[in-house]
Amino acid sequence: MKQNDYGPIPGSTILKGIAGHKAIVMAANVRITTVAEGIFRAAKDTDSAVFMELARSESDLLGGYTGLKPQDFSERMRNAAEAVQFDVWALHADHISIKKGDAKEVEGTKELIDAQIKAGYTSFAIDASHLFDFEGRNVREELAENIRVTSDLARYIKSRMNGKEFGLEVEVGEIGRKDGQGLILTRPEEAVEFIRALNENDVFPDVLAIANGSSHGHSYDANGNVVEQLSIDIPQTKTIAKALRDARLKVGIAQHGITGTPRDLINLHFPKGDIIKGNVGTFWQDVVFDTLKVYEPALYKDIQNWTLDKYRPLNPGRQDRQVFDGNCKFAIKEFFRDIYAVDQETEKAIRAMAYAQSLVFFRAFGSYGTASLIRKPKK
């Protein structure tokens, strides 16, 4: 692979490049982009490939809850990569979510995709997992709408990329969905039938997100305190990966909801090579806010008060810590100018914290050296 600048490369190049290796590529949802340079510097120093991403809720045509439109996010990531001179990264559209699947929503989604492609995104995650028919007589019927919408949007991306390679992530099983017994997990037969149906429609994803016990953001105990835990069902994840291999379906697994999972447990227990992409989102937001507590206490207090005043009435019975943790992301857009106008010492501390934490994630994911694997020409 030859690279003349430090812009993003196709997500497919990265994910195919680590095939056969026990490694996970970190995908960082950088809701506050100050952390990006620290992440890139750690990626360079450890020779680790990385994805930089935002979901539709975080960044859409109106800026999502981060205040960043696709072009804004792209420019900030490119500038950070160039500042560090790091070359093995993908610009990923995380969770392009479709909730209804009707024509209006699909057309609006295509408008967002057009903006992402224009901004130079090199990887896309279509999330139509909400479209599940609980009355379906079999797995194919249960997944029919997800299959239809995912196929439509994947083919649309391909047509708009005009022959350029790109990464493709799809999702089966809504992450974090619960019933009376707790989290609903993806079954192996669902994963196999979903990918098989997409392949029949000439759609070949690089990676599949599954519901395997994780949820986005933090986990809490009965008193509303944040707890670290390995909630991910590792045996189920391995079973799904094996079922996909046995069916000769070439797709890896994307692990969502990693914030709150101790990294020593990730290092020891995650099935690297089965899981090939690991999303880390809320963690980087926490890095910024935890730094603001010390370096910009007045700003942090304003963010805290705004969040609690606005969201405490909407969350009766919850502790203030839980209300804040679950909703402070919405303060990013509200305090956009202030967050990006902090002094140089604050920015330096944020970058340093992001750098140090990234080193640990890259080590836990087994991703040291993956960038060289991808740069190496295939024989």
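Our structure is the block above this text.
Below or above, wherever it landed, is the structure these notes cover. Just so you know, these numbers come straight off a predicted model, no measurement behind them.

On a plain count of helices and strands, the protein comes out with 16 helices and 12 strands. Taking 2.2 N^0.38 as the reference for a compact globule, 379 residues should give roughly 21 Å; the C-alpha atoms of the protein span a radius of gyration of 20 Å, in line with that estimate. With the principal axes as the frame, the protein shows a C-alpha extent of 55 × 50 × 45 Å. Taking all 379 residues of the protein together, the buried fraction comes to 56%. By sequence separation, contacts in the protein at least 24 residues apart represent 79% of the contacts at least 6 residues apart.

This part is about the sheet that holds strand β4 (residues 123–127). Read around the closed barrel, the eight strands follow the order β1-β2-β3-β4-β5-β8-β11-β12; overall the barrel is parallel. Each adjacent strand pair in this sheet contributes to an overall mean axis angle of 25 degrees, direction not counted. Across four bridges, strand β1 (residues 25–29) lies against strand β2 (residues 50–55) in parallel orientation. Residue pairing across strands places A27 opposite F51, the latter belonging to β2.

Here the focus is the side chain of T186. Along the polypeptide, T186 turns up in the loop between β7 (182–183) and α7 (188–200). Using a relative accessible area of 1% as the deciding quantity, one classes T186 as buried. Of the polar contacts made by the side chain of T186, one reaches the backbone oxygen of V172; its length is 3.1 Å. Beyond its immediate sequence surroundings of up to four residues, T186 is in contact with V172, G173, A191, I210, A211, Q236 and I240.

About the cut-offs
Residues numbered from 1 in each chain as written. Predicted model: local features only at pLDDT ≥ 70, side-chain atom pairs only at ≥ 80, totals over all residues. Heavy atoms only, no water. Helix = DSSP H or I, 4+ residues; strand = E, 2+ residues; numbered from the N terminus. Rg over C-alpha atoms; globule rule 2.2 N^0.38 Å. Buried < 20%, exposed > 50% of the residue type's maximum accessible area, 1.4 Å probe, protein only. Contact = heavy atoms within 4.5 Å. Pairing = 2+ DSSP bridges. Axes fitted to C-alpha atoms, helices over the stretch in contact; angles between N-to-C directions. Polar contact = N/O pair within 3.5 Å; in protein donor to acceptor, adjacent residues only side chain to side chain.

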